[in-house]
Amino acid sequence: MMLTDYIIPQTQIAAIIEEAGGDLQIRKDHPVKSPEELAPGECLVKLDCSGACHSDLHAAIGDWPVPPRLPLIGGHEGVGIVVAIGKNTVESPVKLGDRVGIKWIANSCLNCEQCRKGREQNCVKALCSGYTVDGTFQEYVVSYVNYVTPIPEGLPSDAAASILCAGVTVYRALKSSQTSAGDWIVIPGAGGGLGHLAVQYARIRGLRVIAIDTGAEKKNLCLKLGAEKWIDFKENKDIVKEVREVTDGLGAHSVLVTASSSEGYEQAIEYLRPGGILMCNGLPGSATLSASVFFTVFKSITICGSYVGNRQDALEAIDIAARGLVKVHFVNRPLADLKDVYNGMMNGTIVGRVVLDMSKK
Ligand SMILES: [Zn+2]
Ligand SMILES: [Zn+2]
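I will try to describe carefully the structure that is included in this document. Keep in mind that what you see is a predicted model, and the values were worked out from it rather than measured.

Rules of the game
- Residues numbered from 1 in each chain as written.
- Chains lettered and ligands numbered in written order.
- Predicted model: local features only at pLDDT ≥ 70, side-chain atom pairs only at ≥ 80, totals over all residues.
- Heavy atoms only, no water.
- Helix = DSSP H or I, 4+ residues; strand = E, 2+ residues; numbered from the N terminus.
- Rg over C-alpha atoms; globule rule 2.2 N^0.38 Å.
- Buried < 20%, exposed > 50% of the residue type's maximum accessible area, 1.4 Å probe, protein only.
- Contact = heavy atoms within 4.5 Å.
- Donors = N, O, S within 2.8 Å, 3.2 Å for Na, K, Ca; no water.
- Salt bridge = Lys/Arg side-chain N within 4 Å of Asp/Glu carboxyl O.

This paragraph deals with the overall build of the chain. Helix and strand content of the chain: 12 helices and 18 strands. Against the 2.2 N^0.38 benchmark of 21 Å for 361 residues, the chain shows a C-alpha radius of gyration of 20 Å, consistent with a compact globule. Judged by the C-alpha coordinates and their principal axes, the chain covers about 65 × 40 × 40 Å. Residues counted as buried form 54% of the 361 residues belonging to the chain. In the chain, once contacts between residues fewer than 6 apart in sequence are set aside, the share between residues at least 24 apart is 71%.

Listed as protein donors to the zinc ion (ligand 1) are Cys53 (SG), His76 (NE2) and Cys165 (SG); their distances from the metal cover 2.0 to 2.2 Å. Read in sequence order, the donor residues coordinating the zinc ion (ligand 1) give the pattern C-x22-H-x88-C. With Cys53 in the loop between strand 3 (42-52) and helix 1 (54-61) and His76 in the loop between strand 4 (72-73) and strand 5 (78-85), this pair connects stretches of sequence that are 23 residues apart. One exposure class covers both Cys53 and His76, and it is buried.

Here we take up the pattern of salt bridges. Here the structure, examined in full by the defined rule, presents 18 salt bridges. Among the salt bridges present, the one from Glu113 reaches Lys117, with a minimum N-O distance of 3.0 Å.

Quick look at the structure:
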């Protein structure tokens, strides 16, 4: 099945990595999978745009413990139109012409214990967009009808893109953070891609946000988004003392670490109050978490990992954005700028998110 008045080209522009740590190449002649070749359950999505996530940089460098497939087309925050669906697909929840999102988890088996328990992201058969299958740094991506996320009318594609990874990831982590309205939450990395969305989703839950990051631009963004307290980790020498002071000497109820380095984790045990919960959410390649066992026990601290989210988390996070309650702070750039975007990520200079616009050449 394909859109009748739409001609699918045979080649397209794609950003490809041939080897780990190798050069990123922008190719203009990369083949598009033809609608006839789509397997049942597969669909072809013509992308409007794709967000660029820190995980894409890790895939390009190859510094995660699990290696990506190579050659690789990265990207997992894509939004576009379904232009073809594999023949013999039954009961597809999406139809031709629908606007949908592609997130990190591209597909899972739906039948294993993890899938049945709603942890599709932990399915051993899960396919990861832009890591184990080709992702959204191309004009046409193959995805799966049961896994794409419908995008509500009225939410522009570029505004929706980064909700699909960054938004879903922090939204799910906040759901798991055992916090109640009025609780204090510390967000290291608050001015970055995950962090600035975490500030907003935390505010919707009625949480009081202490934002940690550095630089005037990130400070302004965090305070504008509703953080009550800003701590610049380069200027403030004693973060533990600062957090304790703001929280009446007791410490924060929760910390959601969105920073992509180990530093954000180091002092968390010290500035959490007893019964506090440390949510690990960023995915640094080789960082380890060191915590005082004595104080983890003595203060009844919970250390908890949260990895992206399932299809339901994606729908909920997108719905909140569609209602205008959370907004991605982003700039549009052409796909050809991807290498430069990676440099910005490595230097920590990107405020919010970059969304690659496929119509910009
Ligand atoms: Zn991501
Ligand atoms: Zn499964």
